[in-house]
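Survey of secondary and tertiary structure
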Amino acid sequence: MTTPRARYPHRHLLGIEALDRTEILSILDAAESFFDVSRRSVRKVPTLRGKTVINLFYEPSTRTRTSFELAGKRLSADVINISVSTSSAVKGETLLDTVKNLEAMCPDVLVLRHQASGAPHYVASRTKAAVVNAGDGTHEHPTQALLDAFTIRRRKGRLEGLVVAICGDVLHSRVARSNALLLRKMGATVRFAGPRTLLPPAAESLGAEVHDRLEPALEGADVVMMLRVQRERLAGTFLPSTREYSRKFGLNEARLALAAPDAIVMHPGPMNRGVEIDPLVADGSRSVILDQVEAGVAVRMAVLWMLATEAEGEPTAGA
Ligand SMILES: N[C@@H](CC(=O)O)C(=O)O
Ligand SMILES: NC(=O)OP(=O)(O)O
């Protein structure tokens, strides 16, 4: 297996905001080279033998935590998972104390999900380990945007010039924010759509068109990305009722017909079936939702490889 030489001059992966186009392409190309190993079409590789990855998750996760674990294991790293509900955080230990204690065990990479926006940035400036943001509050989820870009590029052959509609609870979505940043850097057009109460006030600053109805955003779109209503972050009444939300903002087959004939449907998961997406669409022939999950392992392999080998100079993968 050969992996392209990486161009990734950062010590951490905290957000898409700090990456340029070449660095994004570098990660996507490295992920391509790891794809066969990630799918187990090829035996695992010894690239990160002797390295340690710690997954520290303060919020629930199925896809991100599992795929970081698999990614590390397929690269032969030692991977430790810490679920905060069974850690000493429940006894009152602070985030920084937890990180300092983990650091004493010499991890190379710390993968952190936290409910506070900015938590990975705070930790990154206080630890020797490379930090990966696995989702911080309503801020960023960079590896999700990278795996989404990987999935789109595989299906469409490019990112540049595509029209991507990102629909639903944009306000609370770190996925929407990271995707908008990445897609704009790669030359795609981004449209946000959702009820006014779930659209961020500064959406235009992300370079996105903003619509308070789904239909104009879907018109001719190449990619339709639906978002979950993040009830855990709703601090008040943002929605009249789930039924009305689904009637006005749910993606069904009739609405999907407004998009380009070869449009693909995405969702970062977890889905609320029957709320933001009709099961017929979620399981339909245009859905690439499980391809996104599959891509997550290859993309996270690329990210771990770049960060864990960064200290040793320009990385080239072992095989
Ligand atoms: N799983 C994604 C999206 C979601 O939860 O709706 C996240 O953690 O941001
Ligand atoms: N897409 C995503 O981040 O899923 P999880 O919350 O299950 O990790």
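Relevant structure appears above.
Residues numbered from 1 in each chain as written. Chains lettered and ligands numbered in written order. Predicted model: local features only at pLDDT ≥ 70, side-chain atom pairs only at ≥ 80, totals over all residues. Heavy atoms only, no water.

**Comments concerning the site of ligand 1**
- Near ligand 1 the following residues occur: Arg113, His141, Arg174, Val175, Arg228, Gln230, Gly269 and Pro270.
- Within the side chain of glutamine 230, an N or O atom sits 3.3 Å from an oxygen atom of ligand 1.
- Contacts to ligand 1 include glycine 269, whose backbone N or O atom sits 2.9 Å from a nitrogen atom.
- Taking 260 Å² as the accessible area of ligand 1 by itself, protein coverage stands at 92%.
- More than half of the atoms of ligand 1 fall within 2 Å of the grid points belonging to the largest pocket. (Near = heavy atom within 4 Å. Polar contact = N/O pair within 3.5 Å; in protein donor to acceptor, adjacent residues only side chain to side chain. Areas by Shrake-Rupley, 256 points an atom, 1.4 Å probe, with all protein chains shown as cover. 1 Å grid on protein atoms, 1.4 Å probe; cavity = no way out; pocket = protein on both sides within 12 Å on 5 of 7 lines; lining within 4 Å. Sits in = over half its atoms within 2 Å of the grid points.)

**Considerations on the site of ligand 2**
- As a matter of local geometry, ligand 2 sits amid Ser61, Thr62, Arg63, Thr64, Arg113, His141, Gln144, Pro268 and Gly269.
- Between ligand 2 and threonine 62, the relevant distance is 2.8 Å, taken from an oxygen atom to a main-chain nitrogen or oxygen of the residue.
- A total of 260 Å² of accessible area belongs to ligand 2 in isolation, and the protein chains cover 92% of it.
- According to the grid-proximity analysis, the pocket containing ligand 2 is the largest pocket.

**Quick notes on the packing of helix α2 (residues 63–74) against helix α11 (residues 289–310)**
- Their axes nearest at 8 Å, the elements α2 and α11 cross at an angle of 55°. In terms of axis orientation, α2 runs oblique to α11. Judged by the sense of rotation from one axis to the other, the crossing of α2 with α11 is right-handed. Counted together, Arg63, Thr64, Ser67, Phe68, Leu70, Ala71, Gly72 and Arg74 of α2 and Val293, Gly296, Val297, Arg300, Met301 and Leu304 of α11 form the full contact between these two elements.
- Looking at the contact of α2 with α11, its residues break down into 7 nonpolar, 4 polar and 3 charged. (Axes fitted to C-alpha atoms, helices over the stretch in contact; angles between N-to-C directions. Helix = DSSP H or I, 4+ residues; strand = E, 2+ residues; numbered from the N terminus. Parallel < 35°, antiparallel > 145°, perpendicular 65-115°, else oblique. Left-handed = near helix turned anticlockwise from the far one by under 90°. Contact = heavy atoms within 4.5 Å. Nonpolar A, V, L, I, M, F, W, Y, C, P; charged D, E, K, R; others polar.)

**As for the layout of surface pockets**
- Quantified by volume, the largest pocket comes out at close to 400 Å³.
- Taken together, 21 residues line the largest pocket, and the ones lying closest to its centre are Arg113, Arg174, Arg228, Gly269 and Pro270.
- Contributions of two or more residues to the lining of the largest pocket are made by α2 and α6 (174–185). (Points joined across faces, edges and corners; volume = space filled by probe spheres on them.)

**Overview of the packing of helix α1 (residues 21–38) against helix α5 (residues 142–156)**
- Contact pair α1 / α5: the axes reach a minimum separation of 10 Å and the direction vectors enclose 70°. The angle between α1 and α5 places the two elements in the roughly perpendicular class. With respect to the hand of their crossing, α1 and α5 are arranged in right-handed fashion. Residues Ile24, Leu25, Ile27, Leu28, Asp29, Ala31, Glu32 and Phe35 of α1 form the contact with α5, whose own contacting residues are Leu146, Ala149, Phe150, Arg153 and Arg154.
- Class assignment for the residues of the contact of α1 with α5 results in 9 nonpolar, no polar and 4 charged.

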